[in-house]
Amino acid sequence: MSVEEIHKLAKSIFESQPFTRFIKAELHHIDKKSVEIRLPIREDVQQQHGYVHGGAISYLADNAITFAGGIALGGDALTSEFKINYLKPAKGNYVAAIAKVISTGKRQSVCQCEIFSIDGDRTTLCAIAQGTVVKI
């Protein structure tokens with residue numbers, strides 16, 4: 001698959017996800033080896049202390065992992081397993097999830113993801129995740 005085909009497929013899938021539209025996430029970067037999804041930090045994605053809700057962070061990691069794995073597998077994919085470790089609260093302007101493929105076979109791909117909060121020129125690693133993606 002060419003980079004242009006990857007972009008077209010990824011954009012089409014991303015824009016067809018109702019929850020992605022609801023949460024207003026943005027597909028910032030995608031290539032054959034990595035994916036970056038961003039979420040602007042707004043009040044409606046925060047919890048009671050003003051930090052980004054863990055569910056929103058988990059969504060970013062899961063979706064970035066699935067996109068990275070799907071591209072590596074050459075098509076549509078689903079998460080079959082997923083784990084996340086929260087490291088620091090996310091606050092600032094936006095949160096970015098950057099997923100990379102670690103290993104790919106015929107049917108599954110294992111990916112890792114780092115989730116950062118961006119506050120002006122300050123970048124903080126907020127969470128790390130790992131997941132297995134299967135081709136459907």
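Rules used throughout
Residues numbered from 1 in each chain as written. Predicted model: local features only at pLDDT ≥ 70, side-chain atom pairs only at ≥ 80, totals over all residues. Heavy atoms only, no water. Core = buried A, V, L, I, M, F, W, Y, C linked by side-chain atoms within 4.5 Å. Buried < 20%, exposed > 50% of the residue type's maximum accessible area, 1.4 Å probe, protein only. Helix = DSSP H or I, 4+ residues; strand = E, 2+ residues; numbered from the N terminus. Contact = heavy atoms within 4.5 Å. Salt bridge = Lys/Arg side-chain N within 4 Å of Asp/Glu carboxyl O. Polar contact = N/O pair within 3.5 Å; in protein donor to acceptor, adjacent residues only side chain to side chain. Pairing = 2+ DSSP bridges. Axes fitted to C-alpha atoms, helices over the stretch in contact; angles between N-to-C directions.

Visitor: Sorry, what's going on with the nonpolar core here?
Guide: The nonpolar side chains of soluble globular proteins are, as a tendency, buried together. Among the nonpolar cores identified, the biggest contains 36 residues, and Ile 37, Cys 113 and Ile 115 are the most heavily contacted of them. Among the secondary structure elements, those contributing two or more residues to this core are helix 1 (3-15), strand 2 (34-40), helix 3 (54-73), strand 3 (77-86), strand 4 (94-104), strand 5 (108-119) and strand 6 (122-135). The element that contributes the greatest number of residues to this core is helix 3, accounting for eleven residues. Once residues lying within four places of it in the same chain are set aside, the contact partners of Ile 115 are Ile 57, Ala 61, Ile 84, Val 95, Ala 96, Ala 97, Thr 124, Leu 125, Cys 126, Ala 127, Ile 128 and Ala 129.

Visitor: Whenever I open this one, the pattern of salt bridges confuses me. Can you help?
Guide: One side chain can pair with another of opposite charge once the charged atoms of both are near each other. A complete count under the given rule lists three salt bridges for this structure. The residue Lys 11 makes a salt bridge to Glu 15 at a minimum N-O spacing of 4.0 Å. Separated by four residues within a single helix, Lys 11 and Glu 15 lie in helix 1, roughly one turn from each other. By relative accessible area, Glu 15 is classed as partly exposed at 45%.

Visitor: Just to check I follow, could you spell out the side chain of Ser 109 for this structure?
Guide: With respect to the helices and strands, the residue Ser 109 is situated in strand 5. Overall, the relative accessible area of 0% leaves Ser 109 in the buried class. A polar atom in the side chain of Ser 109 sits 3.4 Å from the backbone oxygen of Ser 103. Excluding residues within four positions of it along the chain, Ser 109 makes contact with Gly 69, Ala 72, Leu 73, Val 101, Ser 103, Thr 104, Gly 131, Thr 132 and Val 133.

Visitor: Explain the pairing of strand 6 to me, please; I cannot follow it from the model alone.
Guide: As paired elements, strand 3 and strand 6 share nine bridges and run antiparallel to each other. Its bridge partner being in strand 6, Ala 77 is matched across the sheet by Lys 135. The pairing of strand 5 with strand 6 spans twelve bridges and is antiparallel. Paired with Ser 109 across the two strands is Val 133, which belongs to strand 6.

Visitor: I keep staring at the sheet that holds strand 4 and nothing clicks. Help me out?
Guide: Within a sheet, adjacent strands bond to each other through the backbone by hydrogen bonds, running parallel or antiparallel. The strand order 1-2-4-5-6-3 describes an open sheet built from six strands, whose pairing is antiparallel. Edge strands, defined here as strands with exactly one partner in the open sheet, are strand 1 (26-30) and strand 3. Here the strands of the sheet are splayed against their neighbours by 25 degrees on average, with no regard to which way each runs. In this structure, strand 4 lies alongside strand 5, joined through ten bridges in antiparallel fashion. Residue Thr 104 lies in a different strand from strand 5, and its bridge partner there is Ser 109. Sitting on the sheet, helix 1 is in contact with strand 1 and strand 2, with an inclination near 160 degrees to strand 1. Set on the sheet, helix 3 makes contact with strand 1, strand 2, strand 3, strand 4, strand 5 and strand 6; between it and strand 3 the angle comes to about 135 degrees.

Purely geometric numbers; function is a separate question.
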